[in-house]
Amino acid sequence: MSGDRPGTGSEPIDRRAVISRHDPHLTGAEDGVLSVGNGHFAVGVDRTGTQTLSGPGSGETRVNTLAEWGWHTVPEPPPQPWESLLRPVSTHHGTVPFMDLPGGTEDPGPAAAWFRENPHKVSLLRFALVEASTGRPPAAADLAGATQHLELWTGTLRSRFRYRGRSCTVITAADPEHAAIALHVDAPGLALALSFPYASTAWDLAADWQRPGAHTTRLEDGRIRRRMDDLAYDVVVRGAQLRGTGEHEVRLVATGPRSAAAGGRADRVPPEAPMDVVLELVPREVPALALQTAPQGTRPGESPASAAELRERSARFWSGHWQETGILDLGEVEDPRAAELERRAVLSRQVQRVHAAGVLPPAETGLLANSWRGKFHLEMHWWHAAHFALWGDASSLRRGLEVYGAMLPAAQETARRQRCRGARWPKQIGPDLQESPSDIGPFLLWQQPHPIHLAELLRRAVPSAATDPMLQEIVEQSALCLVDLLRPDGDRFGVGPPLIGAQERHVAHRDRVQDASFELAYTAWALRIADAWRAARGARDAGELTGIARRIHRPLTAAGALSTFRAGPALERSDHPSHLLAHGMVPPTGTIPDAAAGAALADVMADWDWESTWGWDYPAMAMTAARLRRGEDAVAALLHPTRKNRCDGAGHFPQRPGLPAYLPANGGTLIALALMAVGWEGGPASPGLPPQWRVRHEGILPLPGPLPA
């Protein structure tokens, strides 16, 4: 879909110009960490284009080599079975078991701690520069004048610096399919070394350098063979010979072309000569995952044979990606806010494609760093994934929905235990698809409609998705559980208790909190969408879910205000202003007047504890403003100047120490901008941008429009 407002003219957008004007150009004084990757695999690098300045003794957590399949579980078994942690909780169905954590996360107990910590994602490799003469790390003082340029159009990262006064260049790129990178290293006086850590169970760490005896690194058949308890993988190096220099360290020695004089062997090159190498990680044994994400070995000719070939593959992929997916051009707008919105859009698309386009939902820090030990949060999946359908990358969304098919048996068992039909989706899980014990997660509701919403966005982008049996089943099973989670209340329905709303501010009162406004609105909308899926496949019970949805309580107080709850606790002005999602993320259904939504938005913008917010709260406010056709308010919300809403030079939204990136903010920015610039089906053009701005876009889809009351 393309659009132009105001003004006329149908000339195509110069996509390369739009993308390239936001290429990150970073210096050593800036804090952002750039990455290259493909959605399944990514590496973060420092200003040398390698991982030289991280590793043992470093406090840097963002420079890692992470893959979807790179998970580890400690060899010691859990102190007691997972099922033993289920706790009785009172619901309208009676007393049923939840994966509760009565003592909270501060003191979970040994068994709950084991299941919260395992499995955990591990950094698989560190590639670093060392002094060619001694093998020691270069002193930071000897590295100066660092600059980096990530060429978004080709996915190529060029890093330049000086080592003891001599100019150095490193070019880093990732393969678009394989867990492989190409490194061109022209660094006189320096060599390239690989080192390997053990896994860490810490909340935000992906590497433990203090346990060399707990894992093995061997050179065998020209490969580096790694073993870490239940995880085994190889590192294949092309373009260099391997020389073991430590228990878990390997030096790379550059080789030239194969020559007849050398008997067909690759010639060594002078130590000062540039090195051009490929590092490919090939899983050999991965943990028994319920959802298999790892390729089963590498066939000859399948992987790039050289660094030059890999860089060409990267350039083809990224140029095609930018040419074939959505684009937003605000280049003719003089307001400086437009340039910042466009920058955030471009960088967020790169960040999401590198870190969040795999089969497994990403961690909230993607493949940049660990958070929650690399586990994923399904209440965040909509923020991570919905934009793919809107911005012309529907295949990435469809790939990410596979997890629901894999989770279905476990989610159906959770629903059965809680005396519900269908499937109840958890909040926090890892690739083992076991719900993590928590005093919050099992009582959240808003992840439950997400599969319906995501499937509907995919159907709008790819109509044939409506006949996909897996998606039909996921939509139906999600809806059946939603119906049974509704609390009968006379001739109406409510939600909870038990319940913790998306704001997550009433944990201690989860046994009596009910009727959170956003959850009421989202449940009603999702049931009507699921009913449309029933009708599309000719189900005899089509119409039933709409009838139930219309009997759900309106998400307004007795005074007609939109607040956190329909009744009960007063509005708390901290953390997520989640009630705004009821008229923004959730398309209008006739239950919330624009005046009530507008008053709620103005109230939040005038008085909120911004330090307690999170990165997706600003897109949430912008979406509400866009639904109200308040372009100035939408822009002000999306660019609200707070610490949690700062987009760094690499495109990340740091939240706090230990959480140096936050992909829900990137995904939310893209969703909000689609709504602001393109609007909704049957709605006005660019409802969330100032009317005087000239807005051009191609390949961005409108969001779902209002449903009749």
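Up top you'll find the structure we're talking about.
The following refers to the structure shown.

What counts and what doesn't
- Each residue is numbered by its place in its chain's sequence as written, counting from 1.
- At least 70 in pLDDT is required for a residue's local features to be given in this predicted model, at least 80 for side-chain atom pairs to be given and counted, and no such filter applies to totals for whole chains, interfaces and linings, which use all residues.
- Note: side-chain values were computed over all heavy atoms of the structure, leaving out hydrogens and water.
- Put simply, DSSP marks the helices as runs of H or I at least four residues long and the strands as runs of E at least two long, and each gets a number from the N terminus on.
- Each radius of gyration reported is based on C-alpha atoms, and the globular scaling rule is 2.2 Å times the count of residues to the power 0.38.
- Only protein chains enter the calculation, and the probe is 1.4 Å; a residue is then buried if its accessible area is under 20% of its type maximum, exposed if over 50%, and partly exposed in between.
- Here a residue-residue contact requires only that any non-hydrogen atoms of the pair lie within 4.5 Å.
- Exposure was quantified through the Shrake-Rupley algorithm and a 1.4 Å probe, taking into account, for residues, occlusion by the shown protein chains and nothing else.
- Counted charges follow a simple rule, with Lys and Arg positive, Asp and Glu negative, and His plus the chain ends left uncounted.
- The atom standing in for a charge is NZ when the residue is Lys, CZ when it is Arg, CG when it is Asp and CD when it is Glu.
- When DSSP finds two or more bridges between a pair of strands, those strands are recorded as paired.
- Fitting a line to C-alpha atoms yields each axis, with helices limited to the stretch in contact; the angle taken between N-to-C directions then spans 0 to 180 degrees.
- Salt bridges are defined as contacts in which a side-chain nitrogen from Lys or Arg sits within 4 Å of a carboxyl oxygen from Asp or Glu.
- Here the expected length of a helix is defined as 1.5 Å per residue gap, with one fewer gap than residues.
- Centres within 6.5 Å make a pair out of two Phe, Tyr or Trp rings, where for Trp the six-membered ring is used; the pair is then stacked when the planes are under 30 degrees apart, edge-to-face when over 60, and tilted otherwise.
- The criterion for a charge sitting over a ring is simple: Lys NZ or Arg CZ within 6 Å of the ring centre, and within 35 degrees of the ring normal.
- For a crossing to be left-handed, the near helix must be turned anticlockwise from the far one by less than a right angle; the clockwise case is right-handed.
- When residues are grouped by polarity, Ala, Val, Leu, Ile, Met, Phe, Trp, Tyr, Cys and Pro land in nonpolar, Asp, Glu, Lys and Arg in charged, and all others, Gly among them, in polar.
- Note on angle classes: values under 35 degrees are labelled roughly parallel, values over 145 roughly antiparallel, values of 65 to 115 roughly perpendicular, and the remainder oblique.
- Here the bend at a residue means the angle between the axes of two seven-residue stretches, the one that ends at it and the one that starts at it.

### Brief notes about the overall build of the protein chain
At step 1: Along the protein chain, the regular secondary structure elements total 15 helices and 28 strands.
At step 2: A compact globule built from 709 residues would reach a C-alpha radius of gyration of about 27 Å, and the protein chain, at 26 Å, matches this within 12%.
At step 3: Burial analysis of the protein chain (709 residues in total) assigns 63% to the buried set.
At step 4: A fraction of 71% describes how many contacts in the protein chain between residues 6 or more apart in sequence connect residues 24 or more apart.
At step 5: For the protein chain, the accessible area works out to roughly 24,800 Å², and carbon and sulfur atoms hold 51% of it.
At step 6: Taking the 73 positively charged and 80 negatively charged side chains of the protein chain as two groups, their mean positions are separated by 1 Å.

### Examining the sheet that holds strand E14 (residues 180–186)
At step 1: What the nine strands build is an open sheet, ordered E2-E11-E12-E13-E14-E22-E18-E17-E16; its pairing is antiparallel. One side of each edge strand has no neighbouring strand; the edge strands of this open sheet are strand E2 (25–27) and strand E16 (216–220). The mean angle between the axes of side-by-side strands here comes to 20°, regardless of whether they run parallel or antiparallel.
At step 2: Examined bridge by bridge, E2 and strand E11 (residues 143–151) share three bridges and lie antiparallel to one another. Among the inter-strand pairings, His 25 is bridged to a residue of E11, identified as His 149.

### Topic: unusual backbone geometry
At step 1: Pro 497 follows Gly 496 through a cis peptide bond whose omega is -10°.
At step 2: Position of Pro 497 relative to the elements: it lies in the loop between strand E27 (492–495) and helix H10 (517–536).
At step 3: Along the chain, Pro 497 connects to Pro 498 via a cis peptide bond; the corresponding omega equals 0°.
At step 4: Among the structural elements, Pro 498 can be located in the loop between E27 and H10.
At step 5: Positive phi values are uncommon outside glycine, yet Leu 433 reaches one of about 65°.
At step 6: Unusually for a residue other than glycine, Arg 629 sits at a positive phi of about 65°.

### Let's talk about the pattern of salt bridges
Where side chains of opposite charge bring their charged atoms close, a pairing between them can arise.
At step 1: Inspection of the entire model under this criterion finds 50 salt bridges.
At step 2: The residue Arg 21 makes a salt bridge to Asp 329 at a minimum N-O spacing of 2.9 Å. Of this pair, Arg 21 sits in the loop between helix H1 (15–20) and E2 while Asp 329 is found in strand E23 (residues 327–329), placing the two residues 308 residues apart along the sequence.
At step 3: For Arg 21, a relative accessible area of 42% gives the class partly exposed.
At step 4: The closest approach of N and O atoms between Arg 223 and Asp 234, which form a salt bridge, is 3.0 Å. Here the residue Arg 223 occupies a position in strand E17 (residues 223–228), and Asp 234 occupies one in strand E18 (residues 231–238), the gap between them amounting to eleven residues.
At step 5: The partly exposed category is assigned to Arg 223, whose relative accessible area is 28%.
At step 6: One salt-bridge network, in which partners are shared between bridges, spans Glu 11, Arg 21, Asp 329, Glu 332, Glu 342, Arg 694 and Arg 696.

### Concerning helix H8 (residues 450–461)
At step 1: Here H8 spans 17 Å end to end across twelve residues, near enough to the 16 Å set by a 1.5 Å rise per residue.
At step 2: Along H8, the residues classified as buried are His 450, Pro 451, Ile 452, His 453, Leu 454, Ala 455, Glu 456, Leu 457 and Leu 458.

### Examining the packing of aromatic side chains
At step 1: In this structure the tally under the stated criterion is 16 aromatic pairs.
At step 2: The ring of Trp 614 has Lys 644 lying over it, and the distance from NZ or CZ to the ring centre is 5.2 Å.

### Examining the side chain of Glu 476
At step 1: Examined against the element boundaries, Glu 476 turns out to sit in helix H9 (residues 469–485).
At step 2: A relative accessible area of 11% means that Glu 476 is categorised as buried.
At step 3: Apart from the residues lying within four places of it in its own chain, the contact partners of Glu 476 are Arg 534 and Arg 537.

### Some thoughts on the packing of helix H5 (residues 381–390) against helix H15 (residues 663–677)
At step 1: As a packed pair, H5 and H15 sit with axes 7 Å apart at the nearest point and diverge in direction by 40°. The handedness of the crossing between H5 and H15 comes out as left-handed. Residues Trp 382, Trp 383, His 384, Ala 386, His 387 and Leu 390 of H5 form the contact with H15, whose own contacting residues are Leu 663, Pro 664, Gly 667, Gly 668, Leu 670, Ile 671 and Ala 674.
At step 2: Counted by class, the contact of H5 with H15 contains nine nonpolar, four polar and no charged residues.

### As for the sheet that holds strand E3 (residues 34–37)
At step 1: In space, the three strands of this open sheet follow the order E3-E4-E5, with antiparallel pairing throughout. Each end of this open sheet is capped by a strand with a single partner; those strands are E3 and strand E5 (65–67). For this sheet, the mean inter-axis angle between neighbouring strands, taken without regard to orientation, is 20°.
At step 2: Where strand E4 (residues 41–45) and E5 come together, three bridges link them in antiparallel fashion. Residue pairing for E5: Phe 41 is matched across the bridge by Ala 67.
At step 3: Packing of helix H4 (residues 336–355) onto the sheet brings it into contact with E3 and E4, and relative to E3 it is tilted by some 50°.

### Section: the environment of Val 96
At step 1: Note that Val 96 resides in strand E8 (residues 94–98).
At step 2: What makes Val 96 buried here is its relative accessible area of 2%.
At step 3: C-alpha separation for the pair Val 96 and Thr 624, spaced 528 residues apart in sequence, amounts to 37 Å.
At step 4: Ignoring sequence-local partners within four residues, the contact set of Val 96 consists of Arg 87, Pro 88, Val 89, Thr 91, Arg 417, Gln 418 and Arg 419.

### Some points on the packing of H5 against H8
At step 1: Orientation of H5 relative to H8, taken along the N-to-C sense of each, is 10°, at an axis distance of 9 Å. By the criterion of interaxial angle, the relationship of H5 to H8 is roughly parallel. Every residue of H8 that contacts H5 at His 381, Trp 382, Ala 385, Ala 386, Ala 389 and Leu 390 is listed here: His 450, His 453, Leu 454, Leu 457, Leu 458 and Ala 461.

### As for helix H7 (residues 402–417)
At step 1: Helix length check: H7 (16 residues) gives 24 Å between terminal C-alpha atoms against 22 Å at 1.5 Å per residue, within 8%.
At step 2: Of all the bends found along H7, the most pronounced is centred on Leu 408 and spans about 55°, while Pro 409, a proline, follows it within four residues.
At step 3: Three or more residues of H7 are buried, namely Val 403, Tyr 404, Met 407, Leu 408, Ala 411, Thr 414, Ala 415 and Arg 417.
At step 4: Considering only its buried residues, H7 is in contact with E8, H5, helix H6 (394–400), strand E25 (428–429), H8 and H9.
At step 5: In the stretch just after H7, Arg 419 is the one whose phi turns positive, near 60°.

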